[in-house]
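Overview (structure and organization)
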Amino acid sequence: MPGIDKLPIEETLEDSPQTRSLLGVFEEDATAISNYMNQLYQAMHRIYDAQNELSAATHLTSKLLKEYEKQRFPLGGDDEVMSSTLQQFSKVIDELSSCHAVLSTQLADAMMFPITQFKERDLKEILTLKEVFQIASNDHDAAIHRYSRLSKKRENDKAKYEVTEDVYTSRKKQHQTMMHYFCALNTLQYKKKIALLEPLLGYMQAQISFFKMGSENLNEQLEEFLTNIGASVQNVRREMDSDIETMQQTIEDLEIASDPLYVPDPDPMKFPVNRNLTRKAGYLNARNKTGLVSSTWDRQFYFTQGGNLMSQARGDVAGGLAMDIDNCSVMAVDCEDRRYCFQITSFDGKKSSILQAESKKDHEEWICTINNISKQIYLSENPEETAARVNQSALEAVTPSPSFQQRHESLRPVGRTNPFGESGGGTKSETEDSILHQLFIVRFLGSMEVKSDNNPDVVYETMRQILAARAIHNIFRMTESHLLVTCDCLKLIDPQTQVTRLTFPLPSVVLYATHQENKRLFGFVLRTSGGRSESHLSSVCYIFESNNEGEKICDSVGLAKQIALHAELDRRASEKQKEIERVKEKQQKELSKQKQIEKDLEEQSRLIAASSRPNQASSEGQFVVLSSSQSEESDLGEEGKKRESEA
């Protein structure tokens, strides 16, 4: 049969929210199995108790088997195979619903015993382990709480030893209980199949024995089907035994290997600090102010995701954004007489957070990891190698790195500037002739089609809806891009590859505005043709978050539109002037042509007059002979007359 999803025993010591969430799915599946098996047990018990109601009980069993495919088991990995098998059983049992006499002892031994054993032994074992695990988990949380409150200034060796021993004992108990609980839940997936198939197999074998293979319904084909099911059950049992043996061995190995990790503050000589991390996850205590001088500490699971620090409470399906740690600063601090505290301050200094690590190793690794992320080392191809080079002599992070925009501007050519006094960005060739090149770092939040584009309220409402949708769906990841503003268009450029992602023609940008309160949010409305008809115009509002003031971007877009408007007016004026010059040139050519025609006509008239004189002979009998040039001029005169007459 296909493989079965399993709880990861190897991750029980970490006890992350993801593991707890997966455990909840398995517990929900166990509850669904228990509910379904109780129904199946009741149906089979009716067959055993009342032979006179055998037909009705058999029909109910058939009905329940048909409804198996409608059940929504969270771990129904092989539902298709199991459903088809149970569907076949359902058809056979439905055909046998007319048989009213069944041997009670055969039904008790072959049908009721397996499902009763599963119900009374296996399912109750799951409930017992669940209660024991919950108690162990609560004890561990209480021990961790007491350990976190150890005084840093007034250290008491006896109290520290007792608290440390308490943490060790409770953590070991929770780990061992959790591993056995996971093993039982994983085994339950096999036992569920056996508990479903064995009673059905026993029931059918009892029917075969009762009718002595003489019934028309019990043919060779059915016997072969049952034989295959019996073989499948044995295969599942062997696979379960093998998996149990593997899990038991894994538990033993993990118990031995994890024993040093039960201590909350392990020996740094055995577990050295890794200062080249760009990703880290683990539990931290977060300080929350409740008054002017009072505060509380909440233990939550924290993890890094790109340039963000995420937090996740136990039981939550997904984490939430705790702080943007790009270009932040981080340092070790003393806070409320607690050990291993450090403070993170955002790049603009407006937000800070104080966290407490569990051990000195975690304390230093968290500081180094956040410092590496602050320097945006995670964006490089080999983050750990880059971090190793940067952190050769640094043990603590205190200074944020320059932003990506500053590094980008330092690499730009200095030969061209724009009206804002900034260097022009080296982008695509089609924008190099633009006199305006303004570059901003933005993050795309979303877009949606709007009905109107003549009021800034449209942008504000779009911002509200997009931010609400992102919050509802726990979407916190944003893709960073470079927004290039030119006199021709707006471009979204990939900061790594410098490839243009999107181009927005500037004439199509009809409206732009910033958020009324959060000035880092801005949006613009793009009017484009769409729909079935090209004449139909649609408006789409795009929302972004910038590192700078959104008003600067809007001012840049407004300046670009003004420059584009003046350029368009100049272009039209230039074209009009060129058209006037072309008309004058055409008129001049017509006038020159007319003068040439008049000159040609005068010349032709003169030639015609000369050729019309009488050619008289001389006294010696000689004649006047025209030269060849005069003859040609005479011919041209004749042709001129013809053209004049035709005209």
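Residues numbered from 1 in each chain as written. Predicted model: local features only at pLDDT ≥ 70, side-chain atom pairs only at ≥ 80, totals over all residues. Heavy atoms only, no water.

Comments concerning the sheet that holds strand β11 (residues 500–505)
Here is the rule: Strands qualify as paired when DSSP identifies two bridges or more between them. The secondary structure listing takes helices from DSSP runs of H or I that are at least 4 residues long and strands from runs of E that are at least 2 residues long, numbered from the N terminus. Whenever a helix is involved, its axis is fitted only over the stretch in contact; in every case the axis is a line through C-alpha atoms, and angles between N-to-C directions fall within 0 to 180 degrees.
Strand order in this open sheet of seven strands is β11-β10-β9-β8-β14-β13-β12, and the pairing throughout is antiparallel. At either margin of the open sheet sits one strand with a lone partner, and together these are β11 and β12 (509–514). Within this sheet the neighbouring strands show an average axis-to-axis angle of 35°, counted without direction. Note that strand β13 (residues 521–529) and strand β14 (residues 537–546) share nine bridges and pair antiparallel. Note on β14: the bridge partner recorded for Phe522 is Phe544.

Quick look at the sheet that holds strand β3 (residues 308–312)
Condition: Contacts: residue pairs with any heavy atoms within 4.5 Å of one another.
Taking strand neighbours across the sheet as the criterion, the seven strands line up as β4-β3-β2-β1-β7-β6-β5 in an open arrangement whose pairing is antiparallel. What marks the edges here is a single partner per strand, and that holds for β4 (320–324) and β5 (329–335). Direction aside, the axes of adjacent strands within the sheet are offset by 40° on average. Where strand β1 (residues 281–289) lies against strand β2 (residues 295–305), nine bridges are found, and the strand directions are antiparallel. Pairing of Arg287 across the sheet is with Trp297, part of β2. The strands touched by helix α7 (residues 360–374) are β1, β2, β3, β5 and β6 (338–345); relative to β6, the strand with the most contacts, the crossing angle is about 10°.

Re the packing of helix α1 (residues 17–49) against helix α2 (residues 54–66)
Under the convention used in this document: Should an angle fall under 35 degrees it is taken as roughly parallel, and over 145 as roughly antiparallel, whereas 65 to 115 is taken as roughly perpendicular and any remaining angle as oblique. Two helices that cross are described as forming a left-handed crossing if the nearer one is turned anticlockwise from the farther one by less than a right angle, and a right-handed crossing if clockwise. Any residue that is not Ala, Val, Leu, Ile, Met, Phe, Trp, Tyr, Cys, Pro, Asp, Glu, Lys or Arg is counted as polar, Gly included; the first ten are nonpolar and the last four charged.
Running from N to C, α1 and α2 point in directions that differ by 160°, and their axes come no closer than 8 Å. If you check the angle between α1 and α2, you find them roughly antiparallel. Pair α1 / α2 crosses with left-handed handedness. Contact with α1, carried on its side by Tyr36, Gln39, Leu40, Ala43, Arg46 and Ile47, involves Leu54, Ala56, Ala57, Thr58, Leu60, Thr61, Leu64 and Leu65 of α2 and no other residues of that element. Of the residues belonging to the contact of α1 with α2, the class tally is ten nonpolar, three polar and one charged.

Re the confidence of the model for the protein chain
Heads up, the rule is: You can read pLDDT as the predictor saying how much it trusts each residue, on a scale of 0 to 100.
Per-residue pLDDT for the protein chain has a mean of 79; in total, 82% of the residues score no lower than 70. Ranking the helices and strands of the protein chain by mean pLDDT puts β3 first, with 92, and helix α9 (residues 404–410) last, with 38. Predicted confidence is poor over residues 640–647, with pLDDT under 50, and the contacts of this stretch with residues over four places away or in other chains come to three contacts.

Considering the pairing of strand β7 (residues 352–356)
The pairing of β1 with β7 spans two bridges and is classified as antiparallel. Paired with Ala286 across the two strands is Leu355, which belongs to β7. Relative to β7, β6 is paired through five bridges, and the arrangement is antiparallel. Across the sheet, residue Gln343 finds its bridge partner in β7, namely Ile354. In this antiparallel pair of consecutive strands, β6 and β7, the connection spans six residues, and Gly349 shows a positive phi of 75°.

Thoughts on the packing of aromatic side chains
Applied cut-off: Pairing of aromatic rings covers Phe, Tyr and Trp, the last counted by its six-membered ring, and requires centre-to-centre distances within 6.5 Å; plane angles under 30 degrees mean stacked, over 60 mean edge-to-face, and any other angle means tilted. Here's how the labels work: a residue is buried when its accessible area is under 20% of the maximum for its type, exposed when over 50%, partly exposed in between, all with a 1.4 Å probe on protein chains only. In this scheme, Lys NZ or Arg CZ marks a charge over a ring once it lies within 6 Å of the ring centre and within 35 degrees of the ring normal.
Under the criterion given, the structure shown has twelve aromatic pairs. Each ring, one from Tyr36 and one from Tyr68, has its centre 5.8 Å from the other, and the planes form 65°; the classification is edge-to-face. Here Tyr36 is found in helix α1, whereas its partner Tyr68 is found in the loop between α2 and α3 (79–95), with 32 residues between them in sequence. Residue class for Tyr68 comes out buried when judged on its relative accessible area of 2%. By the ring-pair criterion, three or more aromatic residues cluster together here, those being Phe444, Phe504, Phe522, Phe524, Tyr542 and Phe544. The side chain of Lys119 reaches across the aromatic face of Tyr41, ending 5.2 Å from its centre.

Some thoughts on the pairing of β6
Where a strand is regular, its side chains alternate between the two sheet faces. Within β6, seven of the eight residues are buried, leaving the element largely enclosed by the surrounding structure. Judged from the six bridges that link them, β5 and β6 form a sheet pairing that is antiparallel. Residue Cys335 lies in a different strand from β6, and its bridge partner there is Arg338. Connecting β5 to the antiparallel partner β6 that follows it, the hairpin turn spans two residues, and Glu336 within it adopts a positive phi of roughly 50°.

Observations regarding the layout of surface pockets
Let me state the cut-off plainly: Definitions used for this entry: grid spacing 1 Å over protein atoms alone; cavity, a set of points where a 1.4 Å probe fits but cannot get out; pocket, an open set with protein on both sides within 12 Å along at least 5 of 7 lines; lining residue, one with an atom within 4 Å of a point. Grid points are joined across faces, edges and corners, and a volume is the space filled by probe spheres set on the points.
Of the volumes computed, that of the second largest pocket is approximately 790 Å³. Lining the second largest pocket we find 26 residues, and of these Leu13, Glu14, Arg171, Glu358 and Asp362 sit closest to its centre. By residue number, the principal contributor to the lining of the second largest pocket is α7, which donates four residues. Of the residues belonging to the lining of the second largest pocket, the class tally is ten nonpolar, six polar and ten charged.

Brief notes about the side chain of Asp243
Examined against the element boundaries, Asp243 turns out to sit in helix α6 (residues 220–258). Those residues in contact with Asp243 that lie beyond four places of it in its chain are Lys6 and Tyr190.

Brief notes about empty space enclosed by the protein
Overall, the coordinates contain three cavities of 30 Å³ or more when judged by the stated rule. Quantified by volume, the largest cavity comes out at close to 140 Å³. Mapped by element, the contributors of at least two residues to the lining of the largest cavity are α4 (104–148), β1 and β6. Split into classes, the residues belonging to the lining of the largest cavity amount to seven nonpolar, three polar and three charged.

Some points on the packing of α1 against α4
Viewed as axis vectors pointing N to C, α1 and α4 meet at an angle of 155°, and their least axial separation amounts to 10 Å. If you check the angle between α1 and α4, you find them roughly antiparallel. In this structure, the crossing between α1 and α4 has a hand that is left-handed.

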